[in-house]
Amino acid sequence: MHSFGYRANALLTFSVTALAFICAIASFSDKFSNQNPSAEIQILNINRLKKQSYGNDEVSLTLDISADLQSLFTWNTKQVFAFVAAEYETPMNSLNQVSLWDAIIPDKEHAKFRIQTSNKYRFIDQGHNLRGKEFNLTLHWHVMPKTGKMFADKIVMPGYSLPDAYK
């Protein structure tokens, strides 16, 4: 006859294997969800474009961010991390990304929003490359599931530009 320790080990091993299998199926089921988030970002005002005392350009913007990220939420979604980044090119770097705003969206009820805000983080270029610069505003999101692999995506909104002179 098998001892108590052997039976407990067999039961624990079977339970952990079954739980891992169920988690894998749960994670795989997210692949079949229809995700079609939408977003629109407008620049309401360029509050400030100035040259800092040590030579870097700094911009302060007022943004109108509206997004519907409800389709990202499934029964397996714990939360969504969303952020807006300004993306532009300079002679030194082919891609510069500056985070302007971010939020953690805890549930589907908060995933459809409209917010008017100044950039939460400083929009600074290392140098004096922002005057007259064209840039994209990009809404990035990272979906954090309860089980399984985290995934990310984005919506790029091109066609923004900064003034030619400091103000």
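Please read all numbers here as calculations on a predicted model, not as lab measurements.

Calculation notes
- Residues numbered from 1 in each chain as written.
- Predicted model: local features only at pLDDT ≥ 70, side-chain atom pairs only at ≥ 80, totals over all residues.
- Heavy atoms only, no water.
- Helix = DSSP H or I, 4+ residues; strand = E, 2+ residues; numbered from the N terminus.
- Rg over C-alpha atoms; globule rule 2.2 N^0.38 Å.
- Contact = heavy atoms within 4.5 Å.
- Areas by Shrake-Rupley, 256 points an atom, 1.4 Å probe, with all protein chains shown as cover.
- Domains from an automatic or database assignment.
- Buried area = accessible area lost by both parts, 1.4 Å probe.
- Salt bridge = Lys/Arg side-chain N within 4 Å of Asp/Glu carboxyl O.
- Polar contact = N/O pair within 3.5 Å; in protein donor to acceptor, adjacent residues only side chain to side chain.
- Nonpolar A, V, L, I, M, F, W, Y, C, P; charged D, E, K, R; others polar.
- Patch = residues over 30% accessible without salt bridge, like charges linked within 9 Å, V, L, I, M, F, W, Y side chains within 5 Å.
- Pairing = 2+ DSSP bridges.
- Axes fitted to C-alpha atoms, helices over the stretch in contact; angles between N-to-C directions.
- Phe/Tyr/Trp six-rings, centres within 6.5 Å; stacked < 30°, edge-to-face > 60°.
- Buried < 20%, exposed > 50% of the residue type's maximum accessible area, 1.4 Å probe, protein only.

## A short note on the overall build of the protein chain
Looking only at helices and strands, the protein chain features one helix and eight strands. Seen in sequence order, the protein chain has helices and strands lined up from the N terminus as α-β-β-β-β-β-β-β-β. For 167 residues, the compact-globule estimate of 2.2 N^0.38 gives 15 Å, and the protein chain exceeds it by more than 25% at 23 Å. Taking as baseline every contact in the protein chain between residues at least 6 positions apart, the subset at least 24 positions apart corresponds to 66%. Just so you have it, the protein chain exposes about 10300 Å², and 56% of that area is on carbon and sulfur atoms.

## Some thoughts on the domain arrangement of the protein chain
In terms of domain boundaries, the protein chain breaks down into domain 1 (1-32) and domain 2 (35-161). Centre-to-centre, using C-alpha coordinates, domain 1 lies 41 Å away from domain 2. Listed by partner, the interface residues are five residues for domain 1 and seven residues for domain 2. Of the roughly 440 Å² buried between domain 1 and domain 2, counting both surfaces, carbon and sulfur atoms make up 47%. Contact with domain 2 buries area across many residues of domain 1, yet Ala26, Ser27 and Asp30 alone supply 77% of it, more than any other trio. Connecting domain 1 to domain 2 are zero salt bridges. If you look at where domain 1 meets domain 2, you find zero residue pairs in polar contact (both at pLDDT 80 or more). Here the residues of the side of domain 1 that touches domain 2 are counted per class, giving two nonpolar, two polar and one charged.

## Describing a nonpolar patch on the surface
A cluster of nonpolar side chains, Phe21, Ile22 and Ile25, forms an exposed patch at the surface whose accessible area comes to about 330 Å². Among the structural elements, isoleucine 25 can be located in helix 1 (residues 4-29).

## Here we look at the sheet that holds strand 3 (residues 77-88)
In space, the four strands of this open sheet follow the order 4-3-7-8, with antiparallel pairing throughout. Each of the sheet's edge strands pairs with one partner strand only, and the pair in question is strand 4 (96-105) and strand 8 (151-161). Strand-to-strand twist of the sheet, defined as the mean angle between neighbouring strand axes without regard to direction, takes the value 20°. Pairing of strand 3 with strand 7 (residues 134-145) involves ten bridges; the strand directions are antiparallel. Bridging across to strand 7, valine 84 finds its partner in leucine 139.

## Description of the side chain of glutamine 52
Relative to the assigned elements, glutamine 52 resides in the loop between strand 1 (38-51) and strand 2 (57-68). Reaching out from glutamine 52, the side chain makes a polar contact with the side chain of tyrosine 54 at a distance of 3.0 Å. Residues in contact with glutamine 52, not counting those within four places in the same chain, are Glu58, Arg122 and Ile124.

## Quick word on the packing of aromatic side chains
This structure, assessed with the given rule, holds five aromatic pairs. Centre to centre, the rings of tryptophan 101 and phenylalanine 113 are 5.8 Å apart; their planes meet at 40°, and the pair counts as tilted. Of this pair, tryptophan 101 sits in strand 4 while phenylalanine 113 sits in strand 5 (residues 112-118), and the two are twelve residues apart along the sequence. Here the two residues tryptophan 101 and phenylalanine 113 agree in accessibility, since each one is buried. Seen in terms of ring centroids, phenylalanine 123 and phenylalanine 135 are 6.0 Å apart; in terms of plane orientation they differ by 75°. Their pairing is edge-to-face. Of the two residues, phenylalanine 123 sits in strand 6 (residues 123-125) while phenylalanine 135 sits in strand 7, which places them twelve residues apart along the sequence.

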